[in-house]
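The lines below spell out each chain.
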Amino acid sequence: MSQCALWYMRHYAPRFELCGKEEDAVQRGMRVEEHGEGLVLGVQFADGRAVPCEEWAAWQDAQRRLEQEYQARLEAQVREPRETKEICDPFVGQPLITDAFAPPWVGKQRD
């Protein structure tokens, strides 16, 4: 039996999807937004209460977890410093820093 309905906008029109539990609505809503299928508006429970996503605690928790996971992945990436070299553009002599592996004929080597 459905206990709630996930509401979202798709192609400028409101849509809903019946969900068995609130957790199911959160998971479905995350997929809707992740795959670009729509924008979550909120949830409506079987008792008629409609909660916008800004006030929906379970949705906010899921969004927070997603952001934390994203930040953790960013922090876990070890970025090696790239080798660079300074060259000048061949037209006006403006200096710029580029990757060291750029072909030697690109730009003019800076003295």
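Because the structure is a prediction, the values reported are computed rather than measured.

Right, let's talk about the overall build of the chain for a bit. In terms of regular secondary structure, the chain is built from 2 helices and 7 strands. Rg of the C-alpha trace for the chain: 25 Å, well past the compact-globule value of 13 Å for 111 residues, more than 25% over. Burial analysis of the chain (111 residues in total) assigns 24% to the buried set. Nonlocal contacts in the chain, meaning residues at least 24 apart in sequence, comprise 30% of its contacts between residues at least 6 apart. Surface exposure of the chain reaches about 8500 Å², of which carbon and sulfur atoms provide 53%. Positive and negative side-chain charges of the chain, numbering 14 and 20 respectively, have mean locations separated by a distance of 3 Å.

With that settled, consider the pattern of salt bridges. The final tally for this structure, using the stated rule, is 5 salt bridges. The closest approach of N and O atoms between E37 and R28, which form a salt bridge, is 3.0 Å. Of the residues examined, R28 reaches a relative accessible area of 16% and is grouped as buried. Members of the salt-bridge network, linked through shared partners, are E17, R28 and E37.

Within the secondary structure layout, D89 lies in the loop between β5 (84-88) and β6 (95-99). Of the polar contacts made by the side chain of D89, one reaches the backbone nitrogen of F91; its length is 2.7 Å.

Moving on to the nonpolar core. Of all hydrophobic cores here, the largest spans 16 residues; its most connected members are L6, A25, V43, W56 and W59. Of all the elements in the fold, those that place two or more residues in this core are β1 (4-10), α1 (22-34), β3 (39-45) and α2 (57-76). Sorting elements by how many residues they give to this core places α1 first, with 4 residues. Once residues lying within four places of it in the same chain are set aside, the contact partners of W56 are L6, E22, A25, V26, V40, G42, V43, F45 and V51.

Cut-off values and rules
- Residues numbered from 1 in each chain as written.
- Predicted model: local features only at pLDDT ≥ 70, side-chain atom pairs only at ≥ 80, totals over all residues.
- Heavy atoms only, no water.
- Helix = DSSP H or I, 4+ residues; strand = E, 2+ residues; numbered from the N terminus.
- Rg over C-alpha atoms; globule rule 2.2 N^0.38 Å.
- Buried < 20%, exposed > 50% of the residue type's maximum accessible area, 1.4 Å probe, protein only.
- Contact = heavy atoms within 4.5 Å.
- Areas by Shrake-Rupley, 256 points an atom, 1.4 Å probe, with all protein chains shown as cover.
- Lys, Arg positive; Asp, Glu negative; His and termini not counted.
- Charge placed at Lys NZ, Arg CZ, Asp CG, Glu CD.
- Salt bridge = Lys/Arg side-chain N within 4 Å of Asp/Glu carboxyl O.
- Polar contact = N/O pair within 3.5 Å; in protein donor to acceptor, adjacent residues only side chain to side chain.
- Core = buried A, V, L, I, M, F, W, Y, C linked by side-chain atoms within 4.5 Å.

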